[in-house]
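Architecture and fold: a report
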Amino acid sequence: MSLLQTSSILKQTANNLVPIKNNLIKSIKLTQQLRNLSLNANKKEISKINPIEKPVKSSRTKISQLLTPAQSNEIGFASGGQILSWIDVCAGITSKRHAVYKCVTASVDSVHFFNPIKVGEIATLTSKVNRTWNTSMEVAVTVCSENLLSGEKKPCCQAYLTFVGVGNNGKPAPVPKVVPITEQEKIEYERADIRKWKRIAQAKPSITRERAREKIINYSKASVSSWPGSIASSYTEMVEMVMPHHINPYGSTFGGQIMTWMENCALISASRYARTPLVTASMDAIHFLLPIKNSDFVTVRSFVSAVFESSIEVYVTVEVENHETGKKVFANDGFITFVAVESKNHPVPTAVQKPINGKVNFSNGLERRKHRLEERESLRNFFSKKSTNSIW
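For the structure given in this document, a descriptive report is provided here. Given the structure is predicted, the values throughout are model-derived calculations rather than measurements. (Residues numbered from 1 in each chain as written. Predicted model: local features only at pLDDT ≥ 70, side-chain atom pairs only at ≥ 80, totals over all residues. Heavy atoms only, no water.)

1. Thoughts on the sheet that holds strand 2 (residues 61-66)
- Strand order in the open sheet made by the 6 strands is 2-5-6-7-3-11, with antiparallel pairing throughout. Edge positions in the sheet fall to strand 2 and strand 11 (286-287), since each of these pairs with one other strand and no more.
- Where strand 3 (residues 103-108) meets strand 11, 2 bridges bridge the pair, whose relative direction is antiparallel. Counterpart to V108 in the pairing with strand 11 is I286.
- Its contacts with the sheet put helix 2 (residues 80-99) on strand 2, strand 3, strand 5 (122-132), strand 6 (136-146) and strand 7 (153-165), and the angle it makes with strand 5 is roughly 40°. (Pairing = 2+ DSSP bridges. Helix = DSSP H or I, 4+ residues; strand = E, 2+ residues; numbered from the N terminus. Contact = heavy atoms within 4.5 Å. Axes fitted to C-alpha atoms, helices over the stretch in contact; angles between N-to-C directions.)

So, in structure tokens, the structure goes:
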């Protein structure tokens, strides 16, 4: 075949391929257009499900719990751990309603308990999102008790929790902005930002807590004295294995469950020292530093860190051990305060025995107590300015 014939054949072949090329280009363009339409439709659908802004009322939650004997302590009151567990669940529902996708507990501000919730009474919890930032939000939870016979309602406590939105990749994800509408919502919106910076300051390493962790490790290695009234006798250690019923839908342990274990351990320490009935008065701020997974081992340790006229402060620390590698990591810690009461049948504050080795006031204990009393007074004023019915 001559060169001229070959060139003619190639030119004819190219001409025959032009329509195919044009059709292919049209097909690619059509596919791209369909893809863009699909993406836009998905974005619109996602926008409907998870809009950029939401009012406070869209995530408001109200739940009621009947306190049964199985959930109460030895004097027939709801334990602090039980109430904190309810608070975490209620706040978790609110955060999920607002963000739509999963949210995890990052921290809990100080919680102060006023009126107890008794067996047979209803605990009513209301929660709402006060403010959001990029990937986090503040959820406020208020708890009251209701007597089913008289209908009387009393404020129990108020808590502020921080939740972080988590995407499918396990990393923090942006959450919708909250839009305050009422005057009270606007006030809480502004105050939330102040509380945020306070939390950031509290989360920084503390010399006091570092010393407390060192002391608690020394107690764990030493032979503990059983002499009543000695601080050494208050040291308590408990180990829990995380079971499936402790896990939230996102694969990590409920924050409320961790706080329940912390309160249980602290109560044992306080009881070992005081040898008298106790009620939980307050729990200082807790910051959850890492997720605790199924089958991990959780070691909770505590000791009495300060003794006052009728109250006892206990320091508690949480350590997590990976069940596969055996690696142990510090998870969180905090101070919990209990008030000694006269007896089961007469639960009024009573004097606490003094330690046999002198006054116990671990590293700035008086400052922590002063701060708690100021917070309690502020919350007391908040409750007194509003009628019970208006709050709940």
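Following the structure, the description resumes.
2. What to know about the sheet that holds strand 12 (residues 297-307)
- Strand order in the open sheet formed by 6 strands is 4-10-14-13-12-9, and the pairing between neighbours is antiparallel. Looking at strand neighbours, the two that pair on one side only are strand 4 (111-112) and strand 9 (236-241), the edges of this open sheet.
- Sheet topology places strand 9 next to strand 12; 6 bridges connect them, and they run antiparallel. Its bridge partner lying in strand 12, V239 is registered against T299.

3. Notes on the packing of aromatic side chains
- Tallied over the entire structure, the rule returns 6 aromatic pairs.
- Ring centres of F382 and F383 lie 5.6 Å apart, and the angle between their planes is 55°; on these two criteria the pair is classed as tilted.
- For F382, a relative accessible area of 23% gives the class partly exposed.
- One aromatic cluster in this structure is built from Y219, Y235, F303, Y315 and F335.
- Taking the ring centre of W197 as reference, the NZ or CZ of K196 above it sits at 5.2 Å.
- The side chain of R369 reaches across the aromatic face of F308, ending 5.1 Å from its centre. (Phe/Tyr/Trp six-rings, centres within 6.5 Å; stacked < 30°, edge-to-face > 60°. Buried < 20%, exposed > 50% of the residue type's maximum accessible area, 1.4 Å probe, protein only. Lys NZ or Arg CZ within 6 Å of the ring centre and 35° of its normal.)

4. A few points about the environment of K128
- Within the secondary structure, K128 sits in strand 5.
- Through-space distance from the C-alpha of K128 to that of S95 is 8.2 Å; in sequence the pair is 33 residues apart.
- Look past the residues within four positions of K128 in its chain and what remains in contact with it is V56, R60, T94, E138, V139, A140 and E188.
- A polar contact is formed between the side chain of K128 and the side chain of N130, at a distance of 2.5 Å. (Polar contact = N/O pair within 3.5 Å; in protein donor to acceptor, adjacent residues only side chain to side chain.)

5. Focus: helix 6 (residues 365-385)
- When the terminal C-alpha atoms of helix 6 are compared, their 31 Å separation across 21 residues agrees well with the 30 Å that a helix rising 1.5 Å per residue should span.
- Within the sequence span of helix 6, burial applies to G365, R368, R372, E375, R376, L379 and F383. For helix 6, the angular spread of buried residues about the axis comes to 105°, placing them on one side. Residues E367, K370, S384 and K385 are exposed on helix 6 and point more than 90 degrees away from its buried face. (Expected span 1.5 Å × (residues − 1). Arc of directions from axis to C-beta.)

6. A look at the packing of helix 2 against helix 5 (residues 255-274)
- Viewed as axis vectors pointing N to C, helix 2 and helix 5 meet at an angle of 170°, and their least axial separation amounts to 8 Å. Accordingly, the angle class assigned to the pair helix 2 and helix 5 is roughly antiparallel. Contacts between helix 2 and helix 5 involve G80, G81, L84, S85 and D88 from the first element and G255, G256, M259, T260 and E263 from the second.
- Here the residues of the contact of helix 2 with helix 5 sort into 2 nonpolar, 6 polar and 2 charged. (Parallel < 35°, antiparallel > 145°, perpendicular 65-115°, else oblique. Nonpolar A, V, L, I, M, F, W, Y, C, P; charged D, E, K, R; others polar.)

7. With respect to the side chain of S95
- Looking at where S95 falls in the secondary structure, it is placed in helix 2.
- Classification of S95 by relative accessible area gives buried; the value is 1%.
- Beyond its immediate chain neighbours, meaning those up to four positions away, S95 contacts V100, C103, M137, V139 and F163.

8. A word on the pattern of salt bridges
- Taken as a whole and assessed by the stated rule, the structure comprises 14 salt bridges.
- In this structure, D333 engages R209 in a salt bridge whose closest nitrogen and oxygen atoms are separated by 2.8 Å. With D333 in strand 14 (residues 328-340) and R209 in helix 4 (residues 207-221), this residue pair connects regions lying 124 residues apart in the sequence. For the residue pair D333 and R209, the accessibility class agrees, reading buried in each case. (Salt bridge = Lys/Arg side-chain N within 4 Å of Asp/Glu carboxyl O.)

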